[in-house]
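Here's the letter readout for the chains.
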Amino acid sequence: MKLLQPFFNKTTVFLKAEKTKLWLKVLFILAVVLGCRQALATDLLENTTSDMEDTLTGTGRKWLILIDFALAAALYIKTKNVMLFLGVLVISIAITSILPAFM
């Protein structure tokens, strides 16, 4: 306990200082204000499910397939690994074909 006594003395002196009390009050008020803002926040992702459905069922599906194929080809060229090419293509097919069936 004697080892911790100097630490406790420094801590109590720090917490009793007027500057520390002022900063603790400011931080408390700031936390309350920011907490109130979060409590009244609106949901920014409220209607994004319909946007994703439109993308996957409309013309966005074609672009997703083309981008995924280009990514798979670029990664294959960089690594010369056929499994990487097939893996990216399987994931892209799963995203564009199977995922819309569950929406």
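What counts as what
Residues numbered from 1 in each chain as written. Predicted model: local features only at pLDDT ≥ 70, side-chain atom pairs only at ≥ 80, totals over all residues. Heavy atoms only, no water. Helix = DSSP H or I, 4+ residues; strand = E, 2+ residues; numbered from the N terminus. Areas by Shrake-Rupley, 256 points an atom, 1.4 Å probe, with all protein chains shown as cover. Expected span 1.5 Å × (residues − 1). Buried < 20%, exposed > 50% of the residue type's maximum accessible area, 1.4 Å probe, protein only. pLDDT = per-residue confidence, 0-100. Patch = residues over 30% accessible without salt bridge, like charges linked within 9 Å, V, L, I, M, F, W, Y side chains within 5 Å. Salt bridge = Lys/Arg side-chain N within 4 Å of Asp/Glu carboxyl O. Contact = heavy atoms within 4.5 Å. Axes fitted to C-alpha atoms, helices over the stretch in contact; angles between N-to-C directions. Parallel < 35°, antiparallel > 145°, perpendicular 65-115°, else oblique. Nonpolar A, V, L, I, M, F, W, Y, C, P; charged D, E, K, R; others polar.

K.L.:
How would you sum up the overall build of the protein chain? Please name residues and give values.
P.N.:
For the protein chain, the helix and strand inventory stands at five helices and zero strands. In the protein chain, the succession of helices and strands from N to C terminus is α-α-α-α-α. Here the protein chain displays about 9,100 Å² of accessible surface, and carbon together with sulfur accounts for 73% of that area.

K.L.:
Before we move on, can you summarise helix 2 (residues 18-39) with the specific residues and values?
P.N.:
Look at helix 2: 32 Å from first C-alpha to last across 22 residues, which is about the 32 Å you get at 1.5 Å a residue. The element helix 2 is barely covered by neighbouring structure, given that only one of its 22 residues are classed as buried.

K.L.:
I'd like to hear about the confidence of the model for the protein chain, residue by residue, with values.
P.N.:
Here the protein chain shows a mean pLDDT of 78. Residues at 70 or above account for 83%. The lowest-confidence element of the protein chain is helix 3 (residues 48-57), averaging 68 in pLDDT; the highest-confidence one is helix 2, averaging 88.

K.L.:
Break down a nonpolar patch on the surface for me, citing the residues and quoting the values.
P.N.:
Nonpolar side chains collect at one region of the surface, where Tyr76, Ile77, Val82, Met83 and Leu86 lie side by side and expose about 500 Å² of accessible area between them. For the nonpolar patch, the secondary-structure elements that each account for two or more residues are helix 4 (60-79) and helix 5 (82-98). In terms of residues, the nonpolar patch owes the most to one element, helix 5, which gives three residues.

K.L.:
If you had to explain the side chain of threonine 20 to someone new, which residues and values would you point to?
P.N.:
Along the polypeptide, threonine 20 turns up in helix 2. For threonine 20, a relative accessible area of 9% corresponds to the buried category. Not counting chain neighbours up to four residues away, the residues in contact with threonine 20 comprise Phe14 and Leu15.

K.L.:
Run through the packing of helix 1 (residues 5-16) against helix 2, naming residues and quoting values.
P.N.:
Between helix 1 and helix 2, whose axes approach to 5 Å, the crossing angle comes to 65 degrees. By the angle class used here, helix 1 and helix 2 are roughly perpendicular. Facing helix 1, whose interface residues are Phe14, Leu15 and Lys16, helix 2 presents Glu18, Thr20 and Lys21. By residue class, the composition of the contact of helix 1 with helix 2 is two nonpolar, one polar and three charged.

K.L.:
How would you explain the environment of glycine 87 if you had to name every residue and give the values?
P.N.:
Note that glycine 87 resides in helix 5. Taking the C-alpha atoms as reference points, glycine 87 and alanine 72, 15 residues apart in sequence, are found 8.3 Å from one another.

K.L.:
Can you break down the environment of alanine 72 residue by residue, with the values?
P.N.:
As for its position among the elements, alanine 72 is in helix 4. Looking at alanine 72, the relative accessible area reads 0%, which means it is buried. Each residue touching alanine 72, except ones within four places of it in the same chain, is listed here: Phe85, Val88 and Leu89.

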